[in-house]
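Descriptive analysis of the structure
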Amino acid sequence: MYHYVYESFLTDPKFAKQLSVIENRLTDLGIYGSVHRLALFKTMKGTIQDAVRRGAKTVVVVGDDGSVARAIDAIAEFPGVTLGIIPFGEKNTIAKLLGIDDGMSACDVLSARLVEELDLGKVNNHYFLTSLHIPGAVTAECNGQYTVSPVNGGEICVSNFSMDANGPGDPRDGRFETMVKTATRGFFRSMFSPAYASAGTSIFPTTHVIVRAPGKAQMTAIADGQSYQDAEFRVEIMPRRLNIIVGKGRQI
Amino acid sequence: MFKKEDGSGGNETIIASGVKVEGDFTSPGNVRIEGIVIGSVRADGDLVVTETASIEADVTATNAVVAGEIKGNLSAAEKLELLGTAKINGNISCRMLTVEGGATISGNCQVAQEKAVARERARESKAAAEA
């Protein structure tokens, strides 16, 4: 049976009609199941853990990118469980990357049940699908062999699944593309117009990365839109950790 | 629907200007170095060292094009091309060498086919055994 987890913002009456249409479509397709609605004290993680404990093999998250990111973080602990997505709300980039355009087409995608095994990244105790960004003057130790640091500051991005169709990051290759983005400026150009600054990007294929800031300072990392703070981030690839239902138009 | 793969299987590494790499750097594919590298470099594919690069390391690659500065030994299994701005402080070994006017080399240079290199190594080991 399918378990549907509804994001808390779906209680807004403006979504009622659209939800009703989708629920009818799921019933017609014979894949409607039990519904769990998130609320103030009912978290994504707790809800998914409860559903799996009750025997759920497929969990469908109904919501936006933030909902999908929190669902991935929870479901990664249960390798036998498959994740589905019904996009709702403003930002649905992850669903689009996976070939799921809108709520109605998501019903057909769920019914067709084309399952892909994708790599996940793990940063400290959290999982992510797309990429991890850490801005500032930080140092990345790559594969336990060498360290990479931007000379004049910049940003470190560990990419598993690129949000850009032409960007580096294939979530089936068992590795990250670790990018170090720096701003390089010509003297006269930067003096008269900072807008002329051009960014240089270094790319390293990696499987595990440790990111540290000088003096063990606190850093902020953003993964799948979720923000984390720590003095050290240990990032490792978890090959084929996520079973996810995808559409035919997926960008992988 | 599917992403394009380049000849190196997507293993290209780029060390851009403004980035410093320290340690034993190895890559299964092609490498382009524009920044600073200290330690050692091994590229199983082709290596490009641009004019802005500064390398303090022993460098090994299949083919290499160098326009920057290398302090360390440089070894190319096949072809090595030194452009006019290249500065090498160390020994060079390769099978085929091209040097543009203006390039500087401070060190020994060995350009030899595999058989010749093998003969040389055999002679050296024999001499060492006799000693």
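Structure shown above.
No experiment lies behind these values; they were computed from the predicted model shown. (Residues numbered from 1 in each chain as written. Chains lettered and ligands numbered in written order. Predicted model: local features only at pLDDT ≥ 70, side-chain atom pairs only at ≥ 80, totals over all residues. Heavy atoms only, no water.)

Concerning the overall build of chain B
The cut-off we apply is this: Here a strand is any run of E in DSSP of at least two residues, a helix any run of H or I of at least four, and the numbering for each starts at the N terminus. Relative accessibility under 20% of the residue-type maximum defines a buried residue, over 50% an exposed one, and the middle range a partly exposed one, all with a 1.4 Å probe and only protein chains included. Pairs of residues are marked as contacts when any of their non-hydrogen atoms sit within 4.5 Å. Residue-level accessible areas treat just the shown protein chains as cover; the underlying method is Shrake-Rupley with a 1.4 Å probe.
If you tally the helices and strands in chain B, you get one helix and 13 strands. Going residue by residue from the N terminus, the α and β elements of chain B occur as β-β-β-β-β-β-β-β-β-β-β-β-β-α. For chain B, the proportion of its 131 residues judged to be buried stands at 35%. Contacts spanning at least 24 positions in sequence make up 1% of the contacts within chain B whose residues lie at least 6 apart. As presented, chain B carries roughly 7,000 Å² of accessible surface, and 48% of it is formed by carbon and sulfur atoms.

Here we look at the packing of aromatic side chains
All names here are of chain A. We apply this condition: A pair of aromatic rings is counted whenever rings of Phe, Tyr or Trp (Trp by its six-membered ring) have centres within 6.5 Å, and the orientation is called stacked for planes under 30 degrees apart, edge-to-face for over 60 and tilted otherwise.
Across all of its chains, the model carries eight aromatic pairs over all chains by this definition. Between F128 and F176, the aromatic rings sit 6.2 Å apart at their centres with planes inclined by 10°, giving stacked as the arrangement. Here F128, found in strand β6 (residues 126–128), pairs with F176, found in strand β11 (residues 176–184); they are 48 residues apart in sequence, far enough to count as distant. Among the residues examined, F176 registers a relative accessible area of 0% and is labelled buried. Following the ring pairs from residue to residue traces out a cluster consisting of Y2, Y4 and Y32.

Observations regarding the environment of V49 of chain B
All names here are of chain B. When you line up the elements, V49 lands in strand β4 (residues 36–49). The exposure class of V49 is buried, given its relative accessible area of 1%. Placed 15 residues apart in sequence, V49 and E34 show a C-alpha to C-alpha distance of 6.3 Å. Among all residues touching V49, those that are not within four sequence positions of it are I33, I55, V65, V66, A67, G68 and I70.

Considering the pattern of salt bridges
Note the cut-off: Think of a salt bridge as a Lys or Arg side-chain nitrogen and an Asp or Glu carboxyl oxygen that are within 4 Å of each other.
Counting across every chain of the model gives 14 salt bridges over all chains. Residue D170 of chain A pairs with R172 of chain A through a salt bridge whose shortest N-O separation is 3.5 Å. Classification of D170 of chain A as buried rests on a relative accessible area of 16%. R42 of chain B is the salt-bridge partner of D44 of chain B, the closest N and O atoms lying 3.3 Å from each other. Linked through salt bridges whose partners overlap, the residues forming this network are E116, D170, R172 and R250 of chain A.

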